[in-house]
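# What the coordinates show
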Amino acid sequence: MIAILSDLDGVLVDSHASIMRAWHAWGAAHGVEAQAIEGVQHGRPSGEVIAALAPHLDAGAESRAIDLLQAGDTEGVVALPGAHALLAGGETVAIVTSCTVPLAMARLRAAGLPVPDVLVTPERLTRGKPDPEGYLLAARELGAAPGACIVLEDAPAGVDAGRAAGMHVVGITTTHAADELDAHELAPSIAAWLRSRNGAQPGS
């Protein structure tokens, strides 16, 4: 059985505007310059980003606050090309995201996407991406061997997590340039990747 394990933001949904509105509002409230926020690599749990930007703050409390802010602001959050086809097309799919459950659910609802049976969020993990824990958990819950899993990721941390899990990683170039993603293959969108699969297997 081939299982597809997908990141959420930048792969299934375009939530960039919502993310940056929330982070810039948070930065303005805490004296963190906009340039620093723009320069940080997102795609990780928000607590890790906060710890890097403002180590003097309570990362846990600030993370909960910014995630609630994002969950309440879904303006402009839309499904990316191929997301509907992937989640509703009969594939064995899990979502592995750095979003909390409320935030992931808010974005999936806003984009009109179904929630898969397996949804791995930071609440269920001890280590976020680039650690492979989330992808390995999703594989176990789907009953799939890591070598039979395809990971769809748009961020370096997620690509590294998929590789560390021993999975075939497809870099979706919506957020980062191709040369920033150490993936096994690249595609501009899920839609383009689905069109190009032609029965290809992980590792091929």
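For the structure given in this document, a descriptive report is provided here. (Residues numbered from 1 in each chain as written. Predicted model: local features only at pLDDT ≥ 70, side-chain atom pairs only at ≥ 80, totals over all residues. Heavy atoms only, no water.)

### Things to note about the pairing of strand E7 (residues 168-172)
A large share of E7 lies buried, amounting to 5 of its 5 residues. Residues His168, Val170 and Ile172 point to one face of E7 and Val169 and Gly171 to the other, with burial holding for every one of them. Alignment of E7 against strand E8 (residues 185-187), held across 3 bridges, turns out to be parallel. By the bridge assignment, Val170 is partnered in E8 with Glu185. (Buried < 20%, exposed > 50% of the residue type's maximum accessible area, 1.4 Å probe, protein only. Helix = DSSP H or I, 4+ residues; strand = E, 2+ residues; numbered from the N terminus. Pairing = 2+ DSSP bridges.)

### Quick word on the pattern of salt bridges
Under the criterion given, the structure shown has 9 salt bridges. The salt bridge involving Arg124 is made with Glu141; its shortest N-O contact spans 2.2 Å. Taken together, the residues span a long stretch of sequence, with Arg124 in the loop between strand E5 (118-120) and helix H7 (133-142) and Glu141 in helix H7 at a distance of 17 residues. In this structure Glu141 comes out as partly exposed when scored by relative accessible area, which is 38%. Salt bridges sharing partners connect three or more residues here, namely Asp7, Lys129 and Glu153. (Salt bridge = Lys/Arg side-chain N within 4 Å of Asp/Glu carboxyl O.)

### So, the packing of helix H4 (residues 59-71) against helix H6 (residues 101-111)
At a minimum axis separation of 9 Å, H4 and H6 run at an interaxial angle of 15°. Here H4 is positioned roughly parallel relative to H6, judged by the angle of their axes. For the pair H4 and H6, the crossing hand works out as left-handed. Contact residues: Asp67, Gln70 and Ala71 in H4; Pro102, Leu103, Ala106 and Arg107 in H6. Partitioning the contact of H4 with H6 into residue classes produces 4 nonpolar, 1 polar and 2 charged. (Axes fitted to C-alpha atoms, helices over the stretch in contact; angles between N-to-C directions. Parallel < 35°, antiparallel > 145°, perpendicular 65-115°, else oblique. Left-handed = near helix turned anticlockwise from the far one by under 90°. Contact = heavy atoms within 4.5 Å. Nonpolar A, V, L, I, M, F, W, Y, C, P; charged D, E, K, R; others polar.)

### So, the packing of aromatic side chains
For the coordinates displayed, the defined rule picks out 1 aromatic pair. An angle of 80° between the planes, with centres 5.4 Å apart, marks the rings of Trp23 and Trp26 as edge-to-face. One end of the pair is Trp23 and the other is Trp26, both in helix H1 (residues 16-30) and 3 residues apart, which spans about a single turn. Across the pair, Trp26 and Trp23 agree in class, each one buried. (Phe/Tyr/Trp six-rings, centres within 6.5 Å; stacked < 30°, edge-to-face > 60°.)

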